[in-house]
Amino acid sequence: MAQDDVQKHLDAGRYGTPQVNPDEQKKYLGTFRERCFLSMTIKEMKDSNYQLAVKSESQKHPEAQLLINGGVSEALQQTYIALATKAGINFTIVSDATADSEDQIGLLLVTDHAVDEPVIDVAKKYPEEAPKTDSEADDDQGKADFWSRLFK
């Protein structure tokens, strides 16, 4: 039995402490999915419509903390740092995260315990904040043209 403890100690010294779900932690900026209230991709962070979603979620959960991907531009980081400061929530810039593509997670609103939110994606949780696609804008334009032509 004592030999097992010695082996565990040697392995921890050699390889570091073992992690639970390292792939999930890497994806979610060092935390687990079950601790997240809201997530945004880097592409969604660039859209100013979603900033209102971050404000309202931070008001709902004042104990939350904002995790910002250190790989995003400094100007974008400063925008969300100012937002977190105004909302009175703590923030952390995760420096070991990468921003290889626009679809990677750029921002998370998290807590230190499991909350198991069913939907954390900002586009699904706040669809009214989502920007319209080109086809949706064309549909709206076509409808307005029809009615304006009809009642001239």
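Quick summary incoming for the structure in this document.

Reading the values: the criteria
- Residues numbered from 1 in each chain as written.
- Predicted model: local features only at pLDDT ≥ 70, side-chain atom pairs only at ≥ 80, totals over all residues.
- Heavy atoms only, no water.
- Helix = DSSP H or I, 4+ residues; strand = E, 2+ residues; numbered from the N terminus.
- Buried < 20%, exposed > 50% of the residue type's maximum accessible area, 1.4 Å probe, protein only.
- Contact = heavy atoms within 4.5 Å.
- Axes fitted to C-alpha atoms, helices over the stretch in contact; angles between N-to-C directions.
- Parallel < 35°, antiparallel > 145°, perpendicular 65-115°, else oblique.
- Left-handed = near helix turned anticlockwise from the far one by under 90°.
- Pairing = 2+ DSSP bridges.

## Let's talk about the overall build of the chain
Alright, step 1. Each helix and strand in the chain was counted, giving 7 helices and 4 strands.
Alright, step 2. When the elements of the chain are put in sequence order from the N terminus, they spell out α-α-β-α-α-β-α-β-β-α-α.
Alright, step 3. Of all 152 residues assigned to the chain, the portion counted as buried reaches 32%.
Alright, step 4. In the chain, the share of contacts with a sequence separation of at least 24, taken over all contacts with a separation of at least 6, comes to 81%.

## Regarding the packing of helix H4 (residues 51-60) against helix H5 (residues 74-87)
Alright, step 1. For the pair H4 and H5, interaxial distance at closest approach is 10 Å and the crossing angle is 30 degrees. On the basis of their axis angle, the class for H4 and H5 is roughly parallel. Helix-helix and strand crossings are classified by hand; for H4 and H5 the assignment is right-handed. Seen from H4, the contacting residues are Gln 51, Val 54, Lys 55 and Ser 58; seen from H5, they are Thr 79, Tyr 80, Leu 83 and Ala 87.

## Examining the sheet that holds strand S1 (residues 36-41)
Alright, step 1. Within the open sheet, the 4 strands sit side by side as S1-S4-S2-S3. Their pairing is mixed. Each edge of the open sheet is held by one strand with a lone partner, namely S1 and strand S3 (90-94). Looking at each pair of strands side by side, their axes are set apart by 15 degrees on average, direction ignored.
Alright, step 2. Judged from the 5 bridges that link them, strand S2 (residues 65-69) and S3 form a sheet pairing that is parallel. Each residue of the ladder has a partner; that of Leu 66, found in S3, is Phe 91.
Alright, step 3. Set on the sheet, H4 makes contact with S1, S2 and strand S4 (105-110); between it and S1 the angle comes to about 165 degrees.
Alright, step 4. Along the sheet, H5 contacts S1, S2, S3 and S4; its crossing angle with S2, the most-contacted strand, is approximately 175 degrees.

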